[in-house]
Amino acid sequence: MAPAEVDEAHDVHCRLDELLADRGLTLTRLAELVGVSVVNLSVLKNDRARAIRFSTLQAICRVLDCEIGELLVLRRADAAGPAADAGPPAPATGR
């Protein structure tokens, strides 16, 4: 099976920084609780990860008490600012 083509108009953003801040946790503490290295979590947090194991994703979400969609969001690469998450398409106006 060939790998999926990369859609350069979108990218995946990891909201780990915001979720950690909301919960008063440090990256070091999360690494201890999840059982992965701080370096690997840092790569994920800084949007440099190219892959993540489902088991790691599940463990992070379990510790942070969040859904996967709260941790990883799809955003348009050409959108202004880091908070420009891709939402549902705007309804057609019929004009």
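Everything discussed here concerns the structure shown above.
Trainee: Quick question: what am I supposed to make of the pattern of salt bridges here?
Mentor: For side chains of opposite charge, pairing can occur when their charged atoms come near one another. Going through the model one piece at a time under the given rule, you end up with 5 salt bridges. With its nearest N and O atoms 3.1 Å apart, the salt bridge here joins Asp11 to Arg75. Here Arg75 lies in strand S2 (residues 72-76) and Asp11 lies in strand S1 (residues 10-14), a separation of 64 residues in the sequence. For Arg75, a relative accessible area of 15% translates into the label buried. For Arg15, the salt bridge is made with Glu18, and the minimal N-O distance between the two is 3.4 Å. A residue is classified by how much of its surface remains accessible, and Arg15, at 22% relative accessible area, is partly exposed. Through salt bridges with shared partners, a single ionic network connects Asp11, Asp47 and Arg75.

Calculation notes
- Residues numbered from 1 in each chain as written.
- Predicted model: local features only at pLDDT ≥ 70, side-chain atom pairs only at ≥ 80, totals over all residues.
- Heavy atoms only, no water.
- Salt bridge = Lys/Arg side-chain N within 4 Å of Asp/Glu carboxyl O.
- Helix = DSSP H or I, 4+ residues; strand = E, 2+ residues; numbered from the N terminus.
- Buried < 20%, exposed > 50% of the residue type's maximum accessible area, 1.4 Å probe, protein only.

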